[in-house]
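The primary structure of each chain is shown beneath.
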Amino acid sequence: EGGGRDIMNRRGGVAALIALAMATFVYLAYVSGVGNMYLPSESVASTTSSPVGRVAIPARIANPSPPAPAPLVDERPEPAPDPRASPAPTSLAVVRDDRKDEGRKLPMECPMVDVADPENVAAVARSLGDASDVVVFATQDIEHWRAEFLVNVILNLVSVNVTSVVTVGRHKHTCETARRDNPDVVRCCVYSTWLDGHDALKRWALAEDHAYVLWLIRYRFALDIMRAGSVGVLVSDSDMWFERDPFELLKDESTGLGTHSVVANVEGELFPSINGGLVYFRADLPGEGGRYLLEVFNDHVDDLLADESPPECHKERGVGTQVVWGAMMDQDILRDAAETAVAGAPLWWSYTHHVCMFKGGYDEATKAKMEIKSKHPETLDWSRSGRSLPKPFESHPAVQALKHPWIESEEHPLNESEEKYGVMKVPNATGWRNLTILAAPKWMFANHGDGDGWFAVRPRPGAAFHCMSHNQGIKPRMLRAYDMWHWDVLGAGRGIRVGQGRYLSLASAAFGRFTRRGEFAMQAHRLAALAAATGRIPVLPMIPCASPWLDHSRRPDCYAGVLERINVLAGTCPVTALRQFQGPDTAEPGDPAKEGSIGSPCCYFVPPGDDCEEKFAAWGAEMTGEDRGNRPGRTVRLDALIDAAGLVVDADAATEYADRSWVIGDDFPPDNAKHPTDVFVDFGRVVKAIEGDGDPTPWVEIDMRGEDALPRVVTQRGVDDARRRKWFTDYNKACPLVNRVS
C-alpha cells in the first residue's frame, strides 16, 4: 500500500514533531472553545502546519477562529439523587407479542423529494404530524438482498407502534424502486443530490455511490429534519430488530435514559466507542445537546468537503479501500465530534492522526494521540455517576443468572446498567445536567457480540438488537434463526417461497460425530453435488450444538454453550430439526428438554460469502419458517441410494477414469475399502433414486439412518448433460469462499 506522501523523512524528527503537536494542541485547547468553532463554510485558502508532519491541514480544521467567550460551566459533580425506584417488571405471562398489531397500522407517508432543498425537508417534517421522534434509515441498492433488512425492520417498528420512519435513498430511482416493490412498507423515502458531482468526492477518491457518501447524507438529513420538525432522531442501520418501542424507553426518566441528550450504541469500553449505526439524538431537552452534536458533526463534514488537498495517504489507505476507518466515514466523524464536544476543542483524530500518517504505524499514532488527550482528561474515558439505569422489563431467567465471562465480581454485559456518559461543553448553555452523551446499556442497545446468542430466547434480554458481524451473510440468517423475521411478507428471504422451489435436505444425520469444521463443510458440498445432479437447491443441515468440532468455540455464558463467531450461529430449532435430529417419523413438538425439539437450541453453519447463499443454499430454519406444516414430500434412505448407484470403476482405476469430484476441494482419490460410502455413482441412477417415478417432488430429503458421510458424486469423463454441468459450475463460481473451506 505504498505511494502515499512521505510523512516523516527522518526518524529523529519524531520526538520533535510530537512535542510540536503537544504545544500546538495545548495552545488550541487554551484559545478554543466550541462557541464559534464552526463558521459558515468558505473556501480554504490558508493552511496551518500539521501537528503530525508535513501534511497541510486546512485552517478551519487545525486552527478554528477564536471563539466567543466561553459560558461559565459548572463542572462539579452533582450530588447523587436518591436511588430510582425500579419500574415493575413486565410479567413473563404477559410478554408482548411484537407482531400482534400487524395489518392495523401503516408507516407514515411523505413526498418523494430531494432533501438537499430545505423546502422539501420542511415538507417531510409536515408529514410527521404530531410525532415527536423519527427513525432515519438509509438504503443504496434496494434490489440487493440486503434491502430485505429495510422491509423487515420497518414492519418490525410498526408492530411496536412506531410509524414515523423515513428512508434516505441515494438516488431518486432508489426510492422509486423501493416504493414500487414495497408500497405498504417503504412509504416515506427521500433522496439527496447534495453531493452529486461534488468535486470534493474526487479529491477524497470517493465514488458517488460509495457507502460513505450515503452515510454522510443520512447524518445531514438527520440534522435538517430535527431543525425543521423539532423532532428527536434515531439514526439506525437496517440490520436491526426492535423488541419494544424504543422511544418510550429512550425518553423514560425513571430508567435514567430520559435525562440524556444523546443515547448511543457502543462497541467497546473506553470513550467514545460509539457505533454510528444506532444513535438517538433528542430534541426536547434544555440546551439542545442532541442538535449540537449533529451540528458539530456536519460542520466538520463541510470542512472536509472544503479541503482542497486531502493528505494523499488518506485517499490511498483511509478511503474506498478501507471501509472501517477514515476521515470521511460517518462513525469516525461522530466519534471525533463527541470528543470535540466533550473537550471543547477540535479533536479530529481520523484526519490528523490517521495511522497512515505515521511511519511507526498504529502504536506511534496512538502515542501521539494520547499525549494530546491527556490535556483533555475528560476524553480518556466515560464519566461515571455511580447510579444505575434499571431495566424496566425482565429477561429470560437464564440471562438474569449470567455472570461476567472474565470478571466474576461484575455483572454480565446484558445485565449491566451502570450510567456512563460524556458531558458536552455546549456554547451558551446554563448548565450541563442534560448535555450528555450516554453509553446505552445493553438492555437498550445491544450488538451481536454483546448478545452471545441470548437474543434467540424469549423474553429477549434487550429492547433493540443490532446484527453486527464481519460475515454479512450471517445477518439475515441470524434474524431468521432468532425468529426476528417477517415470514409472511419476505418468505425465506431473497425472493424464495419454499412451497415454490425444489430442495434437497437431510434427515436424521449423525453430523455430531465430526471433529473438524472441514469435515462438515465437505458433507455440505456433497449434498450440494447431489442437489446439482437433480437441479435442486441444497438445504444446509443443522448441527448438534454438542458437536466435537465446536469445542474450540465453547463458552458457558453463551446460549447453547457456543460462542457465535463468523460461521457458527446458535438459534432456536425450527420444525425441520425434528426430522434431521430425530428421524422423519418424529411427532411434533417433541421433548422440550431434548436438542432438536422446537424451541430448544440448534446450531447452524453459515457459509461465508454473500452471493453463495443468495443464489443457492437454503437453510433449515427457512424451510418451515413460513409454514410449520411444510414438510418434505419424499424421503430416500441413504442405503437405498447407495444400492441404486452402480460403481463405475474399481479403486485402482479411479483417478484415471474419473474426471474429478464435483466438489472442488474434495479431490483426493476415493477409496471404497477405507470409506465404504465414498462411492462413484451414475447420474441416471441417482436422479431416478431421488426423484422416483411420476411427478417430481418439490422437497426431497435423504434419511442418513445414522451415517455421517454422503457419497461423492463423481462423473465419467466429461459431463454430457450441459444443464447439470452449468448448475454445479455456477455453484462453484458463486461460492468460492465456501469451496476454500473444504
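Please refer to the structure higher up on the page.
In this report, we go over the structure that sits alongside the text. Nothing here was measured: the structure is a model prediction, and the numbers come from that model.

1. Some points on the pairing of strand β22 (residues 699-703)
Turning to step 1, where the next piece is worked out: Of all five residues in β22, five are buried, a share of seventy percent or more.
Turning to step 2, where the next piece is worked out: Every second residue of β22 is oriented toward a common face, with Trp699, Glu701 and Asp703 on one face and Val700 and Ile702 on the other, all of them buried.
Turning to step 3, where the next piece is worked out: Looking at chain direction, strand β21 (residues 634-637) and β22 are connected through four bridges and run parallel. The partner of Val636 across the bridge, within β22, is Ile702.

2. Observations regarding the sheet that holds strand β10 (residues 383-388)
Turning to step 1, where the next piece is worked out: One open sheet accounts for nine strands, arranged β5-β4-β3-β6-β9-β8-β12-β11-β10; its pairing is mixed. Only two strands of the sheet have a single partner each, and these edge strands are β5 (189-191) and β10. The sheet shows a mean angle of 30° between the axes of neighbouring strands, direction not considered.
Turning to step 2, where the next piece is worked out: Summarising the sheet, strand β8 (residues 262-266) and strand β9 (residues 274-281) pair through four bridges and their orientation is antiparallel.

3. Some thoughts on the environment of Leu249
Turning to step 1, where the next piece is worked out: Structurally, Leu249 is set in helix α8 (residues 246-250).
Turning to step 2, where the next piece is worked out: Separated by 142 residues in sequence, Leu249 and Lys391 have C-alpha atoms that sit 9.5 Å apart.

4. Remarks on the pattern of salt bridges
Turning to step 1, where the next piece is worked out: Inspection of every chain in the model, using the stated rule, returns 28 salt bridges.
Turning to step 2, where the next piece is worked out: Here Arg458 ties to Glu243 by a salt bridge, and the two come within 3.9 Å at their closest N and O atoms. Of this pair, Arg458 sits in the loop between α15 (448-451) and β14 (464-466) while Glu243 sits in the loop between β7 (240-242) and α8, and the two are 215 residues apart along the sequence.
Turning to step 3, where the next piece is worked out: On the basis of relative accessible area, Arg458 is assigned to the partly exposed category, the value being 35%.
Turning to step 4, where the next piece is worked out: When the shortest N-O distance is used, the salt bridge between Arg458 and Asp483 registers 3.7 Å. Residue Arg458 is located in the loop between α15 and β14, and its partner Asp483 is located in the loop between α16 (474-481) and α17 (487-490); the two are separated by 25 residues in the primary sequence.
Turning to step 5, where the next piece is worked out: Relative accessible area serves as the criterion here: at 32%, Asp483 is assigned to the partly exposed category.
Turning to step 6, where the next piece is worked out: A single salt-bridge network, built from bridges that share partners, covers Asp133, Lys251, Arg282 and Asp284.

5. Quick word on the packing of helix α9 (residues 289-306) against helix α11 (residues 330-343)
Turning to step 1, where the next piece is worked out: Close contact between α9 and α11 brings their axes to 9 Å; oriented N to C, the two are set at 120°. As summarised for this structure, α9 and α11 are arranged oblique, according to the angle between their axes. Seen from above, α9 lies across α11 with right-handed handedness. Taking contact as the criterion, the partners of Tyr292, Leu293, Val296, Phe297, His300, Val301 and Leu304 in α9 are, on α11, Asp330, Ile333, Leu334, Ala337, Ala338, Thr340 and Ala341.
Turning to step 2, where the next piece is worked out: Residues that form the contact of α9 with α11 fall into these classes: 11 nonpolar, two polar and one charged.

6. Considering the nonpolar core
Proteins that are soluble and globular tend to have nonpolar side chains buried together.
Turning to step 1, where the next piece is worked out: By size, the foremost hydrophobic cluster in this structure holds 89 residues, and its most contacted members are Met444, Phe445, Tyr482 and Leu569.
Turning to step 2, where the next piece is worked out: Here the element with the most residues in this core is helix α4 (residues 147-159); it accounts for seven residues.
Turning to step 3, where the next piece is worked out: In contact with Met444, other than residues within four places in its own chain, are Pro246, Leu249, Leu250, Leu257, Ala463 and Ala464.
Turning to step 4, where the next piece is worked out: In this structure, Val115, Val166, Phe297 and Tyr351 belong to the second largest nonpolar core, which totals 65 residues.

7. Looking at α11
Every α-helix winds through 3.6 residues per turn, so residues three or four apart in the chain are directed the same way.
Turning to step 1, where the next piece is worked out: The terminal C-alpha atoms of α11 lie 20 Å apart, and with 14 residues this matches the ideal 20 Å at 1.5 Å per residue to within 8%.
Turning to step 2, where the next piece is worked out: The element α11 is largely enclosed, with a buried count of 13 among its 14 residues.
Turning to step 3, where the next piece is worked out: Once α11 finishes, Gly344 follows within two positions and takes phi at roughly 70°, a positive value.

8. A few points about the state of the cysteines
Turning to step 1, where the next piece is worked out: Per the stated rule, a full pass over the model turns up three disulfides.
Turning to step 2, where the next piece is worked out: For Cys175, the disulfide goes to Cys189, at an S-S distance of 2.1 Å. On the sign convention where negative means left-handed, the S-S torsion of about -70° between Cys175 and Cys189 marks this disulfide as left-handed. One end of the pair, Cys175, is in helix α5 (residues 172-181); the other, Cys189, is in strand β5, with 14 residues separating them in the sequence. For the pair Cys175 and Cys189, a shared accessibility class is recorded, and that class is buried.

9. Examining the sheet that holds strand β15 (residues 503-507)
Where strands meet in a sheet, backbone hydrogen bonds hold them as pairs that are either parallel or antiparallel.
Turning to step 1, where the next piece is worked out: Taken together, the five strands give an open sheet; going across it, the order is β20-β16-β15-β22-β21, and neighbouring strands pair in parallel fashion. Looking along the sheet, the strands with just one partner apiece sit at the ends: β20 (618-619) and β21.
Turning to step 2, where the next piece is worked out: Inspection of the sheet shows strand β16 (residues 537-540) paired to β20 by two bridges, in the parallel sense. Directly across from Val539, in β20, lies its bridge partner Ala618.

10. Some points on the pairing of β16
Turning to step 1, where the next piece is worked out: Pairing between β15 and β16: two bridges, direction parallel. Among the inter-strand pairings, Leu504 is bridged to a residue of β16, identified as Pro538.

11. Comments concerning the packing of helix α7 (residues 211-229) against α11
For any two helices packed against each other, one specifies the crossing angle of their axes together with the interaxial distance.
Turning to step 1, where the next piece is worked out: Look at α7 against α11: their axes get within 9 Å of each other, and the N-to-C directions meet at 45°. It follows from the interaxial angle that α7 and α11 lie oblique. Of the residues in α11, those touching α7 at Trp215, Leu216, Arg218 and Tyr219 are Asp330, Ile333 and Leu334.
Turning to step 2, where the next piece is worked out: Grouping the constituent residues of the contact of α7 with α11 by class yields five nonpolar, no polar and two charged.

12. Re helix α3 (residues 118-127)
Turning to step 1, where the next piece is worked out: All of the buried residues in α3 are Val121, Ala123, Val124 and Ala125.
Turning to step 2, where the next piece is worked out: Taken together, the buried residues of α3 touch β4 (165-169), β5 and α7.
Turning to step 3, where the next piece is worked out: The backbone nitrogen of Glu119 has a side-chain oxygen 2.9 Å away, supplied by the residue at the start of α3, namely Asp117.
Turning to step 4, where the next piece is worked out: Positive backbone phi, approximately 60°, marks Gly129, located one or two places after α3.

13. Digging into unusual backbone geometry
Turning to step 1, where the next piece is worked out: Phe271 connects to Pro272 through a cis peptide bond whose omega is 0°.
Turning to step 2, where the next piece is worked out: Positionally, Pro272 belongs in the loop between β8 and β9.
Turning to step 3, where the next piece is worked out: Positive phi, close to 60°, is recorded for Ala205, a residue that is not glycine.
Turning to step 4, where the next piece is worked out: In this structure, Ala205 sits in the loop between α6 (199-203) and α7.
Turning to step 5, where the next piece is worked out: A relative accessible area of 43% places Ala205 in the partly exposed class.
Turning to step 6, where the next piece is worked out: One non-glycine residue with positive phi stands out, namely Ser230, at about 50°.
Turning to step 7, where the next piece is worked out: The residue Ser230 is located in the loop between α7 and β6 (232-236) in this model.

Calculation notes
Residues numbered from 1 in each chain as written. Predicted model: local features only at pLDDT ≥ 70, side-chain atom pairs only at ≥ 80, totals over all residues. Heavy atoms only, no water. Buried < 20%, exposed > 50% of the residue type's maximum accessible area, 1.4 Å probe, protein only. Helix = DSSP H or I, 4+ residues; strand = E, 2+ residues; numbered from the N terminus. Pairing = 2+ DSSP bridges. Axes fitted to C-alpha atoms, helices over the stretch in contact; angles between N-to-C directions. Salt bridge = Lys/Arg side-chain N within 4 Å of Asp/Glu carboxyl O. Parallel < 35°, antiparallel > 145°, perpendicular 65-115°, else oblique. Left-handed = near helix turned anticlockwise from the far one by under 90°. Contact = heavy atoms within 4.5 Å. Nonpolar A, V, L, I, M, F, W, Y, C, P; charged D, E, K, R; others polar. Core = buried A, V, L, I, M, F, W, Y, C linked by side-chain atoms within 4.5 Å. Expected span 1.5 Å × (residues − 1). Disulfide = S-S within 2.5 Å. Polar contact = N/O pair within 3.5 Å; in protein donor to acceptor, adjacent residues only side chain to side chain.

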